[in-house]
2 protein chains.
Amino acid sequence: MLRVTATTPQEAESCPVRDVLDRIGDKWSLLILCALADGKLRFMDIKRAIGDVSQRMLTQTLRHLERDGYITRRVYPSVPPRVEYELSELGRSLLVPVQQLIAWAETHHPEIAAARDRYDARPENVPQAD
Amino acid sequence: MLRVTATTPQEAESCPVRDVLDRIGDKWSLLILCALADGKLRFMDIKRAIGDVSQRMLTQTLRHLERDGYITRRVYPSVPPRVEYELSELGRSLLVPVQQLIAWAETHHPEIAAARDRYDARPENVPQAD
DNA sequence: CCGCATCCCACATGATACTG
DNA sequence: CAGTATCATGTGGGATGCGG
């Protein structure tokens, strides 16, 4: 069996895979990482690139990504303030397996959609919307 | 910029990457897929393999995985009931990029931990627990 | 053994307003 | 511009009990 987490709560706290998935599995982290793939961006540039993220969630997600070392944050003490975010080496290296997953998703999306159609077509699975 | 989602809500509904990440990013799906990597298992076997999952969440996650075509569900009309779950071809193929991500996570976990320690050591980041 | 229904709570996320 | 603070809310997920 592949080892993804641990059987005891203590071990689960330090599961490497959960650490990573808790980040890229959330709603905004991956979008931010991909927005920064081309180079450094300012706060508002990221916000515009993503579109429908609230300032609160953007700030929070950026902090998490910074804490884990995926991005760097640089503040220029000018007025108005200017903050630039950039992928770190670690962040860029994460993008490699992530892009493989993205490629897989795009390749197999039709199969997933077909599987859902088949599943939803079965009479026994229609009680309510799921 | 890497394209991970869309800028409009309508497009976001059918984003392939979100479809996949919403699954493997949740709390139990990846654990179940990995538990099934070695072969078919009965409901209770999966529950024991994972350890601290509730029956409710196990059932729900298995349904989602079945609906998306990652696993197959086979019911034997015996008494007591007997249900076996098995990875589909699609599920096995998903494990390829997923295992790369797992490998990345295990390789780079020390760097993440170090980055967190550095971040948490900075005085300006200590207001509350985050 | 397998799974559904119900209740409930914690938390992630969003909306809005305010600040340096 | 780049946040912080506050309030509201939807949903994930646990506990428990019942049913086939």
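One structure accompanies this document, and this report is about it. (Residues numbered from 1 in each chain as written. Chains lettered and ligands numbered in written order. Predicted model: local features only at pLDDT ≥ 70, side-chain atom pairs only at ≥ 80, totals over all residues. Heavy atoms only, no water.)

## Structural notes on the interface of chain B and chain A
A common way to express how large an interface is: the accessible area buried when the components associate.
Then, in step 1: The partner chain A presents 52 residues to the 52 residues of chain B that form the contact.
Then, in step 2: Our enumeration of links across chain B and chain A arrives at six salt bridges.
Then, in step 3: Connecting chain B to chain A are eleven residue pairs in polar contact (both at pLDDT 80 or more).
Then, in step 4: Those elements giving two or more residues to the side of chain B that touches chain A turn out to be helix H2 (16-24), helix H3 (29-35), helix H5 (55-67) and helix H6 (89-121) of chain B.
Then, in step 5: The class makeup of the residues in the side of chain B that touches chain A is 27 nonpolar, ten polar and 15 charged. (Contact = heavy atoms within 4.5 Å. Salt bridge = Lys/Arg side-chain N within 4 Å of Asp/Glu carboxyl O. Polar contact = N/O pair within 3.5 Å; in protein donor to acceptor, adjacent residues only side chain to side chain. Helix = DSSP H or I, 4+ residues; strand = E, 2+ residues; numbered from the N terminus. Nonpolar A, V, L, I, M, F, W, Y, C, P; charged D, E, K, R; others polar.)

## Some details on the packing of helix H6 (residues 89-121) of chain A against H2 of chain B
Then, in step 1: Orientation of H6 of chain A relative to H2 of chain B, taken along the N-to-C sense of each, is 85°, at an axis distance of 8 Å. Classified by the angle their axes make, H6 of chain A and H2 of chain B are roughly perpendicular. Across the interface between the two elements, Leu 101, Ile 102, Trp 104, Ala 105, Glu 106, His 109, Ile 112 and Arg 116 of chain A of H6 of chain A pack against Pro 16, Val 17, Asp 19, Val 20, Leu 21 and Ile 24 of chain B of H2 of chain B. (Axes fitted to C-alpha atoms, helices over the stretch in contact; angles between N-to-C directions. Parallel < 35°, antiparallel > 145°, perpendicular 65-115°, else oblique.)

## Quick notes on the protein's contact with DNA strand C
Then, in step 1: In the vicinity of DNA strand C there are 17 residues, among which Lys 27 and Arg 56 of chain A together with Phe 43, Met 44 and Arg 73 of chain B approach most closely.
Then, in step 2: Within 4 Å of the protein, the contacting atoms of DNA strand C are drawn from sugar and phosphate to the extent of 67%.
Then, in step 3: Within the contact set of DNA strand C, a base oxygen lies 3.3 Å away from a side-chain nitrogen or oxygen of Arg 56 of chain A.
Then, in step 4: Between Arg 63 of chain B and DNA strand C, the recorded distance is 3.3 Å, taken from a side-chain N or O atom to a phosphate oxygen.
Then, in step 5: Elements with a contribution of two residues or more to the surface near DNA strand C: helix H5 (55-67) of chain A together with helix H4 (43-50), H5 and strand S3 (82-87) of chain B.
Then, in step 6: The greatest single-element share of the surface near DNA strand C, amounting to four residues, is contributed by H5 of chain B. (Near = heavy atom within 4 Å.)

## Some remarks on unusual backbone geometry
Then, in step 1: Cis geometry marks the peptide bond from Val 79 of chain A to Pro 80 of chain A; its omega dihedral reads 10°.
Then, in step 2: With respect to the helices, strands and loops of the structure, Pro 80 of chain A is situated in the loop between strand S2 (71-76) and strand S3 (82-87).

## Comments concerning the protein's contact with DNA strand D
Then, in step 1: Neighbouring residues of DNA strand D: 19 residues in total, closest Met 44, Gln 55, Arg 73 and Tyr 85 of chain A together with Met 57 of chain B.
Then, in step 2: Within 4 Å of the protein, atoms of DNA strand D come from sugar and phosphate in 57% of cases.
Then, in step 3: Arg 42 of chain A places a polar side-chain atom, nitrogen or oxygen, 3.0 Å from a phosphate oxygen of DNA strand D.
Then, in step 4: Tyr 85 of chain A is positioned such that a nitrogen or oxygen atom in its side chain is 2.5 Å from a phosphate oxygen of DNA strand D.
Then, in step 5: Elements represented by at least two residues in the surface near DNA strand D include exactly helix H4 (43-50), H5 and S3 of chain A together with H5 of chain B.
Then, in step 6: Taken together, the residues of the surface near DNA strand D break down into nine nonpolar, three polar and seven charged.

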